[in-house]
Each structure stands twice: as structure tokens, then as C-alpha cells.
Amino acid sequence: MGYKIITMKRQLLLYLIKLFVGIVVIIICWLALTNIFVECGVIIPANYSETILEENRKRLDDIQQIRGNVVNEEISKGY
């Protein structure tokens, strides 16, 4: 029952490989979980929210323009 002696260089290399693989696994799990949450509607992506805000801004501009036109017509008719 002898133990095999591993050099410090090899220990460092094994540690760095384990660290790299661990970080990659954590990143993959994080991406998978966030995609699942986005599909379920638990998380709303930031760019999705910006898109909705931009659409609402355009609708509001259209409504204000229509309202302004109606008010101008009423003023010109003397109401």
C-alpha cells in the first residue's frame, strides 16, 4: 500500500483544471436556469422591457398627436 507522490506542479495543474471545469459547469447551469425562468415568465429580460417601453412611447406619441389634432380642430371651429 504505497502512496504515489504527486509533484506540486502537477497538483497545481489538476487544481486549475478542476477550477476551470467547475466554472464552466456553473456558467452552463446558470444559463440553463435563466432560460427556463424566461420561458416560464418568472424573469423578464431587460431588453424585452426596453422594447415594450419603446412601443408604449410610440403609442403615447400617436395618442398625443391625435389628441392635439382634435383639440386644434375644436379650437378652429370655436367650441
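Preceding block: the structure.
Scoring rules and cut-offs
Residues numbered from 1 in each chain as written. Predicted model: local features only at pLDDT ≥ 70, side-chain atom pairs only at ≥ 80, totals over all residues. Heavy atoms only, no water. Helix = DSSP H or I, 4+ residues; strand = E, 2+ residues; numbered from the N terminus. Rg over C-alpha atoms; globule rule 2.2 N^0.38 Å. Buried < 20%, exposed > 50% of the residue type's maximum accessible area, 1.4 Å probe, protein only. Lys, Arg positive; Asp, Glu negative; His and termini not counted. Charge placed at Lys NZ, Arg CZ, Asp CG, Glu CD. Expected span 1.5 Å × (residues − 1). Salt bridge = Lys/Arg side-chain N within 4 Å of Asp/Glu carboxyl O. Patch = residues over 30% accessible without salt bridge, like charges linked within 9 Å, V, L, I, M, F, W, Y side chains within 5 Å. Areas by Shrake-Rupley, 256 points an atom, 1.4 Å probe, with all protein chains shown as cover.

K.L.:
Tell me about the overall build of the chain, and name the residues and values.
P.N.:
Across its full length, the chain holds two helices and zero strands. The C-alpha radius of gyration computed for the chain amounts to 30 Å, which surpasses the reference 12 Å derived for 79 residues by more than 25%, pointing to a less compact arrangement than a globule. The buried share of the chain, reckoned over its 79 residues, is 0%. If the 9 positive side-chain charges of the chain are averaged to one point and the 8 negative ones to another, these points end up 25 Å apart.

K.L.:
If you had to explain helix H1 (residues 8–40) to someone new, which residues and values would you point to?
P.N.:
The first and last C-alpha atoms of H1 sit 48 Å apart over 33 residues, in line with the 48 Å expected at 1.5 Å per residue. Phi turns positive one or two residues past the end of H1, at Gly41, with a value near 85 degrees.

K.L.:
Quick rundown of the pattern of salt bridges? Include the residues and the values.
P.N.:
One pass over the structure, following the stated rule, counts one salt bridge. A salt bridge links Glu54 to Arg57; the shortest N-O distance between them is 2.8 Å. With Glu54 and Arg57 both in helix H2 (residues 46–77) and three residues apart, the pair spans about one turn of that helix. Since its relative accessible area comes to 36%, Glu54 is described here as partly exposed. We classify Arg57 as partly exposed; its relative accessible area is 42%.

K.L.:
I'd like to hear about a nonpolar patch on the surface, residue by residue, with values.
P.N.:
On the surface, Ile6, Leu13, Leu14, Ile17, Phe20, Val21, Val24, Val25 and Ile28 cluster together into a nonpolar patch covering about 800 Å² of accessible area. With respect to the element layout, Val24 can be found in helix H1.

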